[in-house]
Amino acid sequence: QVHLVESGGGLVQPGGSLKLSCAASGIIFSRYTMGWYRQAPGKQREMVATITSGGGTNYADSVKGRFAISRDNAKNTVYLQMDSLKPEDTGVYYCNARGGLFSENNWGQGTQVTVSS
C-alpha cells in the first residue's frame, strides 16, 4: 500500500549539486514526517534531514548549510536539495515517511549518489 519512489540520484563532481525527489502514495502525506537517510558502504544508515508536517526541519551536522529539505503537500513529494557536495556524501539515499496509527516507518528503495571527480 505505502509506496515511496526516489529519483534524482547520480554521479556528481565535488562541489556540485543534486536534487533528490521522493513521491509518496498510500499515506495521508500532509500528516507524515518525511525524511532522507543515507548509507555509505560499510557504515550504518544515518539521518540526513527530516521535515515535520508543520514544516519544521532537522539536519545532520555534516550537511547543515549545504542541504535543504522541503515538501510539497499538493504533490505528495519531498525534496532534498544538495549543494557543495563532498565525496563523503556518497551513499545510497533513502526516503522515509513516519506516521500513521502506530507511527510506523516506511522506506523507499533508495537512490545512489556518488560524489567523485
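Residues numbered from 1 in each chain as written. Predicted model: local features only at pLDDT ≥ 70, side-chain atom pairs only at ≥ 80, totals over all residues. Heavy atoms only, no water.

Before going further, it helps to examine the pairing of strand β7 (residues 67-72). Every regular strand shows the same layout, with side chains that alternate between the two sheet faces. The alternating pattern of β7 places Phe 67, Ile 69 and Arg 71 on a buried face, while none of Ala 68, Ser 70 and Asp 72, on the opposite face, is buried. Direction of pairing for β7 relative to strand β8 (residues 77-82): antiparallel, over a ladder of 6 bridges. If you follow Asp 72 over to β8, its bridge partner there is Thr 77. Hairpin connection of β7 to β8: 4 residues between the antiparallel strands, including Asn 76 at a positive phi of 50°. (Buried < 20%, exposed > 50% of the residue type's maximum accessible area, 1.4 Å probe, protein only. Helix = DSSP H or I, 4+ residues; strand = E, 2+ residues; numbered from the N terminus. Pairing = 2+ DSSP bridges.)

With respect to the helices, strands and loops of the structure, Asn 58 is situated in strand β6 (residues 57-59). With residues near it in sequence (within four places) discarded, Asn 58 still touches Met 47, Val 48, Ala 49 and Thr 50. (Contact = heavy atoms within 4.5 Å.)

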